[in-house]
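If you want the building blocks of each chain, they are given just below.
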Amino acid sequence: MVKKYKIIILTITLLSTLLCQCDEYEQFQCENDELCNWVNDYEWANCSSYNNSQDCYATGHCWWSWDASEWQDTCSGGAFQLDISYCEEIDFQLGDINNDFIINVLDVIEVANLIQNNSYNQFADINNDFIINVLDAILIINIILGR
Ligand SMILES: [Ca+2]
Ligand SMILES: [Ca+2]
């Protein structure tokens, strides 16, 4: 019983590391992983919405100081743009090698190029055997023909 439980936990851990890695990545890691995409995003925030010095300084824009008019310490600095950029997983379709959301003859040509250059692309490895060869080309042609 305990053993079975351990295997389930191990499987979940393995799956979560395989599936959910992008959103944990910093920009550098994200941009170097072909399965992830870095999205630059900003939102407006205001220093006055932070009510303790730690959060206030963590913004990198505001400072915590005595406000005589409020008779208390406040977070000063006004409005600023908060960086909420994030890393997301790229939705990809197996066989769509040039990533234009259609599987067509252009992707077959890409596979032919990969075979010729002896290089690897995981989107082109349809049968998942870690080699790009004529079998993958045939499988893509089958997808195009709807077989
Ligand atoms: Ca394509
Ligand atoms: Ca293959």
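Notes on the structure in this doc start here. Remember, predicted model here, so these are calculated numbers, not experimental data. (Residues numbered from 1 in each chain as written. Chains lettered and ligands numbered in written order. Predicted model: local features only at pLDDT ≥ 70, side-chain atom pairs only at ≥ 80, totals over all residues.)

## As for the overall build of the protein chain
Working step 1: Counting its secondary structure elements, the protein chain contains 5 helices and 6 strands.
Working step 2: Secondary structure elements of the protein chain occur, N-terminal to C-terminal, as α-α-β-β-α-β-β-β-β-α-α. (Helix = DSSP H or I, 4+ residues; strand = E, 2+ residues; numbered from the N terminus.)

## Quick word on unusual backbone geometry
Excluding glycine, a negative phi dihedral is what most residues carry, and trans is how most peptide bonds are arranged.
Working step 1: Its identity as a non-glycine residue notwithstanding, Trp71 has a phi of 60 degrees, on the positive side.
Working step 2: Summarising the element assignment, Trp71 is placed in the loop between strand 3 (63-67) and strand 4 (72-76).
Working step 3: Its identity as a non-glycine residue notwithstanding, Asn118 has a phi of 55 degrees, on the positive side.
Working step 4: By the element assignment, Asn118 lies in the loop between helix 4 (105-117) and helix 5 (134-145).
Working step 5: Here Asn118 falls in the exposed class, since 9 other C-beta atoms lie within 10 Å of it. (Buried ≥ 20, exposed ≤ 12 C-beta atoms within 10 Å, placed from the backbone.)

## Focus: helix 4
Working step 1: Compared with an ideal rise of 1.5 Å per residue, which puts 13 residues at 18 Å, helix 4 spans 18 Å between its outermost C-alpha atoms and is within 8% of the ideal.
Working step 2: Listing the buried residues of helix 4 in full gives Asp107, Val108, Glu110 and Val111. All buried residues of helix 4 project into a common sector of 155 degrees when viewed along the axis, lining one side. Exposed and facing more than 90 degrees away from the buried side of helix 4 are Val105, Leu106, Gln116 and Asn117.
Working step 3: Considering only its buried residues, helix 4 is in contact with helix 5. (Expected span 1.5 Å × (residues − 1). Arc of directions from axis to C-beta. Contact = placed C-beta atoms within 7 Å.)

## Here's the deal with the nonpolar core
Working step 1: If you look at the biggest cluster of nonpolar residues, it comprises 7 residues: Ile97, Val108, Val111, Ala124, Ile132, Ala137 and Ile140.
Working step 2: Elements represented by at least two residues in this core include exactly helix 4 and helix 5.
Working step 3: Beyond its immediate stretch of four places on either side in the chain, Ile140 contacts Gly95, Ile103, Asp107, Val108, Val111 and Ile126. (Core = buried A, V, L, I, M, F, W, Y, C linked by C-beta atoms within 7 Å.)

## So, the environment of Leu139
Working step 1: As for its position among the elements, Leu139 is in helix 5.
Working step 2: Its 18 C-beta neighbours within 10 Å are what place Leu139 among the partly exposed residues.
Working step 3: For Leu139 and Val108, which are 31 residues apart along the polypeptide, the C-alpha to C-alpha distance reads 9.6 Å.
Working step 4: Setting aside residues no more than four positions away along its own chain, Leu139 makes contact with Ile126 and Asn127.

## Quick word on the pairing of strand 4
Working step 1: Bridging between strand 3 and strand 4 involves 5 bridges; their strand directions are antiparallel. Among the inter-strand pairings, Trp63 is bridged to a residue of strand 4, identified as Ser76.
Working step 2: Taken together, strand 3 and the strand that follows it, strand 4, pair antiparallel across an intervening segment of 4 residues, in which Trp71 is found at a positive phi of about 60 degrees. (Pairing = 2+ DSSP bridges.)

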